[in-house]
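If you want the building blocks of each chain, they are given just below.
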Amino acid sequence: MPTSSADQAPVATHARSALSIRGVTAGYGDAAIVHDVDVEVRHGQVVAVVGPNGAGKSTLLKAILGIARWMGGRVELNGKDVTGLPLQQLARLGIGYVPQIEDVFEALRVRENLDMGGYLFSHRERAVRMEKALDFFPQLRSKLNRFVETLSGGERKMTAIARVLMLDPAVLLLDEPTAGLSPELSRAVLEEQIKALGEHGKAVLLVEQKAVAALGIADWAYMMVQGRVVMSARGVDVLGNPEMREIFLGAKGPEDRTA
Ligand SMILES: Nc1ncnc2c1ncn2[C@@H]1O[C@H](COP(=O)(O)OP(=O)(O)O)[C@@H](O)[C@H]1O
Ligand SMILES: [Mg+2]
């Protein structure tokens, strides 16, 4: 069996693992919210974490970044232990994070947001990186001088992701990038831009409540309920599993609950 196949269990080999989360328990104060979670993302994969509101999806991302309280487990980036490193250092090592809210500077122009994303680099290097980031989001090219607060929800989210791309991260942690977008726009962002990030070799860990759309593009998916992973499988296999559809997507059909 080829080890590079995306349809194989990500845990089968760690050879090309970008991000490996093992046995992570985390929460806030004394309360554990996420329990003993294992997640693996390989280079070039989009891996989705889906589950109901309050399942602990955002807390999992925040745990990786040291924003939630770490209670146990290990995080590896390209096979190297990065557990407990400060956010700034994780960013330098190649982990980019786009939070659900407060992901852009609204009062600044698109260009200024991207510039800030590349603050570590020289003016010249920033220009090169901005070109690369804009290749993912060509719609932003004509909007570089617009203030973010005047953009549509979709353009605003593209700005947020493009800003993080300025660091050229190997791994992208995206917390509900389609929150607040229409079902149509959500689908477009996932199927076009987010999928393209994977196709360009990024390892994308995508947290989504719009489960159907996310599973449709995910190479691999984890289902979280009450802080635990209850199933992991290929996205399409989750979609095709009647029991999973019933439990996670709603008996009346997925579109009712996830649009
Ligand atoms: N800062 C916080 N302090 C205490 N509890 C929190 C905090 N943030 C989230 N929680 C709790 O953690 C649980 C999981 O939340 P979250 O990770 O945001 O879920 P999801 O992203 O899956 O909707 C919820 O019960 C929520 O109330
Ligand atoms: Mg959340």
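Caption draft 1: Molecular detail of the overall build of the chain. Scanning the chain from terminus to terminus reveals 10 helices and 10 strands. Per-residue burial for the chain yields a buried fraction of 42% across its 259 residues. Summarising the internal contacts of the chain: among those between residues at least 6 apart in sequence, 67% fall at separations of at least 24.

Caption draft 2: Region of the structure containing the sheet that holds strand β7 (residues 171–175). Pairing within the open sheet is mixed, and its six strands lie in the order β6-β7-β8-β3-β9-β10. Single-partner strands in this sheet number two, and they are β6 (95–98) and β10 (228–233). Here the average twist between neighbouring strands, direction ignored, is 15°. Where strand β3 (residues 46–50) and strand β8 (residues 203–208) come together, five bridges link them in parallel fashion. Within β8, the position partnered with Ala48 by the bridge is Leu206. Each of β6 and β7 is contacted by helix α5 (residues 153–165), which is oriented at about 160° to β6, the strand it contacts most.

Caption draft 3: Up close: the sheet that holds strand β2 (residues 31–42). With respect to topology, four strands assemble into an open sheet ordered β2-β1-β4-β5, the strand pairing being antiparallel. If you trace the sheet from one side to the other, it starts and ends with β2 and β5 (80–81), each paired once. Bridge count for strand β1 (residues 17–28) against strand β4 (residues 69–77) is seven bridges, and the pairing is antiparallel. Bridge pairing in β4 places Leu19 opposite Leu77.

Caption draft 4: Representation of the pairing of β8 within the structure. Taken across its six residues, β8 has six buried, putting it largely inside the fold. Burial of β8 is two-sided: the residues Ala203, Leu205 and Val207 facing one way and the residues Val204, Leu206 and Glu208 facing the other way are all buried. Where β7 and β8 come together, five bridges link them in parallel fashion. Of the residues in β8, the one forming a bridge with Leu174 is Leu206. In the classification by handedness, the crossover that spans β7, the intervening helix α6 (residues 183–199) and the parallel β8 is right-handed.

Caption draft 5: Spotlight on the confidence of the model for the chain. Overall, the prediction assigns the chain a mean pLDDT of 88, with 89% of residues at 70 or greater. Across residues 1–15 the pLDDT falls below 50, and counting only partners more than four positions away or on other chains, this stretch makes 13 contacts in the model. Taken together, the stretch residues 251–259 has pLDDT below 50 and engages in 14 contacts with residues farther than four places along the chain or on a different chain.

Caption draft 6: Representation of the site of ligand 1 within the structure. Around ligand 1 sit Tyr28, Ile33, Gly51, Asn53, Gly54, Ala55, Gly56, Lys57, Ser58 and Thr59, and that is every residue in its neighbourhood. Here the shell around ligand 1 gets three residues from one element, more than from any other, and that element is helix α1 (residues 57–64). When its residues are assigned to classes, the shell around ligand 1 shows three nonpolar, six polar and one charged.

Caption draft 7: Spotlight on helix α4 (residues 123–136). Over its 14 residues, α4 runs 21 Å from end to end, which matches the ideal 20 Å to within 8%, given 1.5 Å per residue. Residues of α4 that are buried include every one of Arg129, Met130 and Ala133, and no others. Buried positions in α4, seen along its axis, are confined to an arc of 110° and lie on one side of it. Away from its buried face, by an angle of more than 90 degrees, α4 presents the exposed residues Arg124 and Glu131. Against the buried residues of α4 lie α3 (110–117) and α5.

Caption draft 8: α1, seen in detail. Burial of α1 is extensive: eight of the eight residues sit out of reach of the surface. Here α1 has its buried residues at Lys57, Ser58, Thr59, Leu60, Leu61, Lys62, Ala63 and Ile64. One or two steps after α1, the chain reaches Gly66, where phi turns positive at roughly 75°.

Parameters and conventions
Residues numbered from 1 in each chain as written. Chains lettered and ligands numbered in written order. Predicted model: local features only at pLDDT ≥ 70, side-chain atom pairs only at ≥ 80, totals over all residues. Helix = DSSP H or I, 4+ residues; strand = E, 2+ residues; numbered from the N terminus. Buried ≥ 20, exposed ≤ 12 C-beta atoms within 10 Å, placed from the backbone. Contact = placed C-beta atoms within 7 Å. Pairing = 2+ DSSP bridges. Axes fitted to C-alpha atoms, helices over the stretch in contact; angles between N-to-C directions. Right-handed = clockwise from strand over helix to strand, strands pointing away. pLDDT = per-residue confidence, 0-100. Near = placed C-beta within 6 Å. Nonpolar A, V, L, I, M, F, W, Y, C, P; charged D, E, K, R; others polar. Expected span 1.5 Å × (residues − 1). Arc of directions from axis to C-beta.

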